[in-house]
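Inside the fold
As a plain string of letters, each chain reads:
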Amino acid sequence: MSGQQLRHRYNREFFGMSKYSRLIAWGMVGLYLVQILACIFAGHYLLSLQLSIGTILLMVMTSLFIGTRLRGLNNIVHECSHSTFAENRDDNVAIGRFCASLLVKCFKQYKEDHLSHHSHLGDYTHDREMGPIERFGLHEKLSPKTVLRLIATPMLGHHLKMYSGINLSNGDGRFFFGLKTGLLISIVGFAVFAPYTALFFAVLPLFYIFPTVNFWTDCLDHAGIMGSEDGLEASRNILAPLPLRLLFFPRNDSFHLVHHLFPQVPARHLKSAHLTLCEESSYSRNANAVRDSQGTDTRLASELS
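Owing to the predicted nature of the structure, the values given are computational and were not obtained by experimental measurement.

Before going further, it helps to examine the packing of aromatic side chains. Taken as a whole and judged by the stated rule, the model has 8 aromatic pairs. With a centroid separation of 5.2 Å and 75° between ring planes, the pair formed by F136 and F215 is classed as edge-to-face. A residue pair is termed long-range when its members are at least 10 positions apart, and F136 in the loop between α5 (107-119) and α6 (144-155) and F215 in helix α9 (residues 195-222) qualify at 79 residues. Ring centres 5.6 Å apart and planes at 90° place the aromatic pair Y163 and F215 in the edge-to-face group. Residue Y163 is found in helix α7 (residues 160-163), and its partner F215 is found in helix α9; the two are separated by 52 residues along the sequence. By the burial criterion, Y163 is buried, and F215 matches it. Site record: aromatic cluster; members linked through ring pairs are Y10, F14 and F262.

Checked against the element boundaries, N75 lands in helix α3 (residues 53-81). With 198 residues separating them in the primary sequence, N75 and A273 have C-alpha atoms 18 Å apart. Once residues lying within four places of it in the same chain are set aside, the contact partners of N75 are P250, R251 and D253.

Let us now look at α3. Here α3 is 29 residues long and its end C-alpha atoms lie 42 Å apart, about the 42 Å a rise of 1.5 Å per residue gives. Of the residues trailing α3, S83 is marked for its positive phi of about 60°.

Okay, the nonpolar core next. If you look at the biggest cluster of nonpolar residues, it comprises 32 residues, and the most contacted ones within it are V29, L70, L73, I76, F85, I95 and C99. Looking at this core, the elements that each hand over two or more residues are α2 (22-48), α3, α4 (89-102), α5, α8 (174-193) and α9. With residues up to four places along the chain from it excluded, the contact list for C99 reads V29, L73, I76 and V77.

To continue, consider α5. If you check α5, its first and last C-alpha atoms are 18 Å apart, about what 13 residues at 1.5 Å a residue would give, namely 18 Å. Residues of α5 that are buried include every one of F107, Y110, D113, H114, S116 and H117, and no others. Check the buried side of α5 and you find it contacts α3, α4, α9 and α11 (256-261).

Turning to the confidence of the model for the chain, a few remarks are in order. Here the chain shows a mean pLDDT of 91. Residues at 70 or above account for 93%. Confidence drops under a pLDDT of 50 for residues 289-299, and excluding neighbours within four residues, the segment shows 23 contacts in the predicted structure.

So, how was this worked out
- Residue positions are counted from 1 within each chain, in the order its sequence is given.
- Two thresholds apply to this predicted model, a pLDDT of at least 70 for residue-level local features and 80 or more for giving and counting side-chain atom pairs, whereas whole-chain, interface and lining totals are computed over all residues.
- Side-chain descriptors were evaluated using all non-hydrogen atoms of the structure, hydrogens and water having been removed beforehand.
- Only the six-membered ring of Trp is used, alongside the rings of Phe and Tyr, when aromatic pairs are assigned; centres must lie within 6.5 Å, and planes under 30 degrees apart are stacked while those over 60 apart are edge-to-face, with the rest tilted.
- Secondary structure follows DSSP: runs of H or I at least 4 residues long count as helices, runs of E at least 2 residues long count as strands, and numbering of each begins at the N terminus.
- Burial classes follow relative accessibility: with a 1.4 Å probe on protein chains only, a residue under 20% of its type's maximum area counts as buried, one over 50% as exposed, and anything between as partly exposed.
- Between two residues, a contact is recorded if the distance between any of their heavy atoms is within 4.5 Å.
- Expected span, for any helix, means 1.5 Å times one less than how many residues it has.
- Within this scheme, the nonpolar core is defined by two criteria: the residues are buried Ala, Val, Leu, Ile, Met, Phe, Trp, Tyr or Cys, and they are joined through side-chain atoms within 4.5 Å.
- Per-residue confidence from the predictor is given as pLDDT, running between 0 and 100.

Here it is, written out as structure tokens:
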């Protein structure tokens, strides 16, 4: 069964899945903000302690965690672009604009680029999300050499131009333009009074760790299979252990194949949709949906052989 046939078979079953109420949706955004701010204060405290291997390790882990929480906000922007986060469409727009502003991005631009990604996955000319990163060769067949190159790319900073850009357009309106401008001014002002805290727990997570997680996630989602005609073969699910999924794939982002097949499914239901689809042999066999007895992702391993 092809990806198109799966869509026809399950579209009705997956239609109308519940989304968050306005209160819960904004509460989810607030939860990420609380985590980020708490980690910044924790990082500031760690900087006041005597340096040791333990404190340095804790600072690195704190900065990394902030980057993954920024990824969580980005995933909310992603859900809002599909109108699958909140029940009310206007709430999706407002929340999308707010979270995008916190990432110094533009929700309107993101939505246009991302929807072109769904319509033209693998077509670098028309896929406005993947087109700018064609140079990284996500379409090339996976090999140990290719994987090492993709791992090394962020370490050399080659991805930063495409992944960490600041969008100060007023496409989302004057209020959100002001919010983005105010955020940048606040970071600069913060750096005057607490330069190391600002550098390690604001600038580094926002402009390096968060973009790097995004780049590596794009690689995991599509590297080696870009351009596949069947939707079942153009994306992957990353069935990592739950703690890793919660950290690096917040908002069920690890079920990327399910999302591409059924973009109307809210992120909170992607896992249940995945379990339903696992009943189809074509999905389980071809879509990284199962593991062997040693826990190895059989399809990804075969791509590297």
